[in-house]
Every structure is written in C-alpha cells, then in structure tokens.
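Residue-level structural notes
Residue-level listing of the chains:
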Amino acid sequence: MSSRTSPLSRPVTIRKAVARDARRLTRLVRGSGAYEGKYASAVAGYRVGPDYIEAHRTFVAVGAGEHGDRILGFYSLVLAPPELDLLFVADEVQGRGIGRLLVAHMQSEARAAGLDRVRVVSHRPAEDFYHRIGAVRIGTARANPPAVPWDRPEFEFRIPPQ
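First, a word on what this report is: a plain description of the structure on this page. (Residues numbered from 1 in each chain as written. Predicted model: local features only at pLDDT ≥ 70, side-chain atom pairs only at ≥ 80, totals over all residues. Heavy atoms only, no water.)

Observations regarding the overall build of the protein chain
Selection criterion: Secondary structure elements are taken from DSSP: a helix is a run of H or I of four residues or more, a strand is a run of E of two residues or more, and numbering for both begins at the N terminus. Radius of gyration means the value over C-alpha atoms here, while the globule rule gives 2.2 Å times the residue count to the 0.38 power. With a 1.4 Å probe rolled over the protein chains alone, any residue whose accessible area is under 20% of its type maximum counts as buried; one over 50% counts as exposed, and the rest are partly exposed. Shrake-Rupley sampling with a 1.4 Å probe provides the accessible areas, and residues are treated as covered by the protein chains on show and by no other component. Neither His nor the chain ends contribute to the count of charged residues, in which Lys and Arg are positive and Asp and Glu negative. Taken as the charge centre is NZ of Lys, CZ of Arg, CG of Asp or CD of Glu, depending on the residue.
From N to C terminus, the protein chain includes four helices and seven strands. Going from the N terminus to the C terminus, the protein chain shows its helices and strands as β-α-α-β-β-β-α-β-α-β-β. Taken over C-alpha atoms, the radius of gyration comes to 15 Å for the protein chain, in line with the 15 Å a tight globule of 162 residues would show. With the C-alpha coordinates aligned to their principal axes, the bounding extent of the protein chain is approximately 45 × 40 × 40 Å. Relative to its 162 residues, the protein chain shows a buried fraction of 39%. Carbon and sulfur atoms form 50% of the exposed surface of the protein chain, whose accessible area is close to 9,000 Å². Within the protein chain, one finds 24 positive and 17 negative side-chain charges whose respective centroids are separated by 1 Å.

Let's talk about the pairing of strand E7 (residues 152-158)
The following threshold applies: Whether two strands pair depends on DSSP finding at least two bridges between them.
Burial analysis of E7 places six of its seven residues in the buried class, the great majority of the element. Across five bridges, strand E5 (residues 117-121) lies against E7 in antiparallel orientation. What sits directly across from Arg-117, in E7, is Arg-158. The pairing of strand E6 (residues 136-141) with E7 spans five bridges and is classified as antiparallel. Within E7, the position partnered with Thr-140 by the bridge is Pro-153.

Describing the pattern of salt bridges
Inclusion rule: A side-chain nitrogen of Lys or Arg and a carboxyl oxygen of Asp or Glu constitute a salt bridge if their distance falls within 4 Å.
For the coordinates displayed, the defined rule picks out twelve salt bridges. Between Glu-109 and Arg-57 there is a salt bridge; the shortest N-O distance is 3.3 Å. Of this pair, Glu-109 sits in helix H3 (residues 98-112) while Arg-57 sits in strand E2 (residues 57-65), and the two are 52 residues apart along the sequence. Across the pair Arg-70 and Glu-92 runs a salt bridge whose closest N-O atoms are separated by 1.9 Å. Of this pair, Arg-70 sits in strand E3 (residues 68-78) while Glu-92 sits in the loop between strand E4 (83-89) and H3, and the two are 22 residues apart along the sequence. Take Arg-70: its relative accessible area is 34%, and that puts it in the partly exposed class. Here the salt bridges share partners, and the residues they tie into one network are Asp-116, Arg-117, Glu-156 and Arg-158.

What about helix H1 (residues 22-30)?
This is how the line gets drawn: Of all possible arcs, the one meant is that of the directions from the helix axis to the C-beta atoms.
Those residues of H1 not exposed but buried are Ala-22, Leu-25, Thr-26, Leu-28 and Val-29. All buried residues of H1 fall inside an arc of 160° around its axis, so they share one side. The outward face of H1, more than 90 degrees from its buried face, is lined by the exposed residues Arg-23 and Arg-27.

Notes on the layout of surface pockets
To keep things clear, this is the line we draw: For cavity detection a 1 Å grid was placed over the protein atoms alone, and a set of points counts as a cavity when a 1.4 Å probe fits there but cannot get out; an open set counts as a pocket when protein lies on both sides within 12 Å along at least five of seven lines, with lining residues being those that have an atom within 4 Å of a point. Grid points are joined across faces, edges and corners, and a volume is the space filled by probe spheres set on the points. Residues are grouped as follows: Ala, Val, Leu, Ile, Met, Phe, Trp, Tyr, Cys and Pro are nonpolar; Asp, Glu, Lys and Arg are charged; all remaining types, including Gly, are polar.
Quantified by volume, the largest pocket comes out at close to 1,000 Å³. What lines the largest pocket is a set of 42 residues, and nearest its centre among them are Tyr-35, Leu-87, His-123, Ala-126 and Tyr-130. If one sorts the elements of the lining of the largest pocket by residue count, E4 sits on top with seven residues. Partitioning the lining of the largest pocket into residue classes produces 23 nonpolar, ten polar and nine charged.

Here we look at the nonpolar core
Put simply, the rule reads: Residues belong to one nonpolar core when they are buried, are Ala, Val, Leu, Ile, Met, Phe, Trp, Tyr or Cys, and are joined through side-chain atoms within 4.5 Å. In this analysis, two residues are considered to be in contact whenever any of their non-hydrogen atoms come within 4.5 Å of each other.
Counting residues in hydrophobic clusters, the biggest one holds 43 residues, and the most contacted among them are Phe-74, Leu-84, Met-106, Val-118, Tyr-130 and Phe-157. Residues within four places of Phe-74 in sequence aside, it is in contact with Leu-25, Leu-28, Val-29, Val-48, Thr-58, Phe-59, Val-60, Leu-86, Leu-87, Phe-88 and Leu-102.

As for the packing of aromatic side chains
Heads up, the condition is: The criterion for an aromatic pair is that two Phe, Tyr or Trp rings (for Trp, the six-membered ring) have centres within 6.5 Å, with stacked assigned to planes under 30 degrees apart, edge-to-face to planes over 60 apart and tilted to the rest.
With the rule as written, the count across this model stands at seven aromatic pairs. With 5.8 Å between their ring centres and 35° between their planes, Tyr-35 and Phe-88 make a pair best called tilted. On the criterion of sequence distance, the pair formed by Tyr-35 in the loop between H1 and helix H2 (50-55) and Phe-88 in strand E4 is long-range, its members being 53 residues apart. Taking relative accessible area as the criterion, Phe-88 reaches 8% and is therefore assigned buried. Arranged with centres 4.9 Å apart and planes meeting at 85°, the rings of Tyr-39 and Trp-150 form a pair that is edge-to-face. Here Trp-150 lies in the loop between E6 and E7 and Tyr-39 lies in the loop between H1 and H2, a separation of 111 residues in the sequence. Assigned by exposure class, Tyr-39 and Trp-150 land together as buried. Through successive ring pairs, a cluster of aromatic residues spans Phe-129, Tyr-130, Phe-155 and Phe-157.

What follows is the structure in structure tokens.
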C-alpha cells in the first residue's frame, strides 16, 4: 500500500471545533491541493474564523502526533437550510478514511438535529468522493463570478431515521 492509501496507524477522534482551531482550519482550506491552479481563487483569502465556528456545527478529526494533536480534517454543518458547508481533509492523509469518517459523523449530527437530508455543493475534484460515499447528485449550482467562475455539482445526503 502507498502511504497515501495506507490506514492511519494512530487513532482518530472527532471533536467539536473551538475558536482556537480557527487558524489551523483556515490553513487547511487555503493549503488544499484540490484548490490549486484555476481553482485557487475560490479559497484565496478564505478565512474560517472563531465566529464561523461558533455559528455552525463544526467538527474536527484529530490524530495524535509526535508534537500533540494534529487536525487531519474538518466539516461544518449548517442546519437551516441543511447543508454540508465545508469538508476538508489534509492532503497528506487523503485516501485513509478521514473524509468518510467525517461524513458519517455529519450524518449522525444531522439525524440528531432531526434532518432527513443535507445538501452539499461540491468542488469538481471532490465529485467522485461524494458519489463513492453515497451522496446523490441532484443538480448543478451555477457559477457565481468572480468568487466561483465555474458550475459545481450539487449533491444530497439522505439521512435515514434511526
């Protein structure tokens, strides 16, 4: 197995994000390899601030490292209207189940909040990921220049009751 797809050797936990995570989450967004080249404008200057973390259900996947806990990825769930607003996994741990773990957690949070579906407007490079984890394509979100000058696939997670 390559290091990109090998399972993580240390346990991963998911916890609620706190204000002091904001800078690390911002770095994760801005440093994402999925937003290089023509997609760079979508995250240039993007900021995940403490106010954002307080306003939305934001959770981080944390792995223990040599120098303490390391944020491996995060997501943000907006309740009204129900939307997976952000989902990022650090480039160096993609393909190891972190995204799948975060989505499963998000679905559990959505269910606990009484939601039966959650929409996500996908970044084009993430489209296959959403298909693989069970999201259903429901349409296309049209370009919104200058911030997002391209159309994006729109998906929905259906949240079955327990």
